Number of protein chains: 2
Amino acid sequence: MTRYPVRMAVTLKPEVLDPAGQATLAVIKERGFGMVDELRIGKLVDFSVQARDPAEALEVAQRLGREFLANPVLERFDVWMEEDLRLGAGCDGE
Amino acid sequence: MTRYPVRMAVTLKPEVLDPAGQATLAVIKERGFGMVDELRIGKLVDFSVQARDPAEALEVAQRLGREFLANPVLERFDVWMEEDLRLGAGCDGE
């Protein structure tokens, strides 16, 4: 058994309004970020899954998204496995 | 000028406690997901940036993270540009 890191994005479906995102966008546009648009806020859930192989870990992650982490009426979810997580252009704000 | 889609992950630094993540993990472990661990909840901010090229869009996104979207004491942020966003194994819960 191996421990696989998984990242899940839970986002509002495109047809669902996002008042928090709209409020954030209005503020940042006022503060010099007029070039930013279409801002929407979602949730990110990072976790690890103990599994025999990546396919099993992915299956567990997708079941978790369907059953617990995403509201199927309002939200969708996407799952990334470890090998995809190295792509970010990171900054820890320091 | 082109409109570049950007995805930003805002996550708690590893040394910062995440009570919401701990509570979620406790519940899902009770409900048949004992193989899941190390669960932490973060924010996801999707937006577009009007810019001359991807490098300029990335620079705007990182400035936005530093100045507005992440709390530098508690959080870090990572930025992905459009070409990286095709990797997810998606599911919209339907």
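Structure first, text after, so check above.
For the structure given in this document, a descriptive report is provided here. (Residues numbered from 1 in each chain as written. Chains lettered and ligands numbered in written order. Predicted model: local features only at pLDDT ≥ 70, side-chain atom pairs only at ≥ 80, totals over all residues. Heavy atoms only, no water.)

## A closer look at the interface of chain B and chain A
And then number 1: Listed as interface residues are 50 residues of chain B and, on the opposing side, 50 residues of chain A.
And then number 2: Where chain B abuts chain A, roughly 4300 Å² becomes buried across the two surfaces, and 60% of that area is made up of carbon and sulfur atoms.
And then number 3: Counting every contact that joins chain B to chain A gives 1 salt bridge.
And then number 4: Measuring nitrogen to oxygen at the nearest pair gives 4.0 Å for the salt bridge that ties Arg3 of chain A to Asp37 of chain B.
And then number 5: Our count for the contact surface shared by chain B and chain A stands at 10 residue pairs in polar contact (both at pLDDT 80 or more).
And then number 6: Counting residues per element, the ones that place at least two in the side of chain B that touches chain A are β1 (2-12), α1 (19-30), β2 (36-51), α2 (54-69), β3 (75-81) and β4 (89-91) of chain B.
And then number 7: Per element, the largest residue contribution to the side of chain B that touches chain A is 15 residues, and it comes from β2 of chain B.
And then number 8: Here the side of chain B that touches chain A is built from residues that sort into 23 nonpolar, 9 polar and 18 charged.
And then number 9: In the sheet, strand β2 (residues 36-51) of chain A pairs with β2 of chain B via 11 bridges, with the strands oriented antiparallel. In the sheet register, Val36 of chain A faces β2 of chain B, and the bridge partner there is Val49 of chain B. (Contact = heavy atoms within 4.5 Å. Buried area = accessible area lost by both parts, 1.4 Å probe. Salt bridge = Lys/Arg side-chain N within 4 Å of Asp/Glu carboxyl O. Polar contact = N/O pair within 3.5 Å; in protein donor to acceptor, adjacent residues only side chain to side chain. Helix = DSSP H or I, 4+ residues; strand = E, 2+ residues; numbered from the N terminus. Nonpolar A, V, L, I, M, F, W, Y, C, P; charged D, E, K, R; others polar. Pairing = 2+ DSSP bridges.)

## Here we look at the environment of Ala26 of chain A
And then number 1: Following the sequence through the fold, Ala26 of chain A ends up in helix α1 (residues 19-30).
And then number 2: It is 9.6 Å that separates the C-alpha atoms of Ala26 of chain A and Leu39 of chain A, two residues lying 13 residues apart in sequence.

## Overview of α1 of chain A
Think of an α-helix as turning once every 3.6 residues; residues three or four places apart then point the same way.
And then number 1: The end-to-end C-alpha distance of α1 of chain A, which contains 12 residues, comes to 17 Å, matching closely the 16 Å that a straight helix rising 1.5 Å per residue would cover.
And then number 2: Within α1 of chain A, the full set of buried residues consists of Gly21, Leu25 and Ile28 of chain A. Buried residues of α1 of chain A, viewed axially, fall in a sector of 70°; they line one side. Exposed positions of α1 of chain A whose direction lies more than 90 degrees from the buried face are Pro19 and Glu30 of chain A.
And then number 3: Where α1 of chain A is buried, its residues contact β2 of chain A together with α2 of chain B.
And then number 4: Just beyond α1 of chain A, the residue with positive phi is Gly32 of chain A, at close to 100°. (Expected span 1.5 Å × (residues − 1). Buried < 20%, exposed > 50% of the residue type's maximum accessible area, 1.4 Å probe, protein only. Arc of directions from axis to C-beta.)

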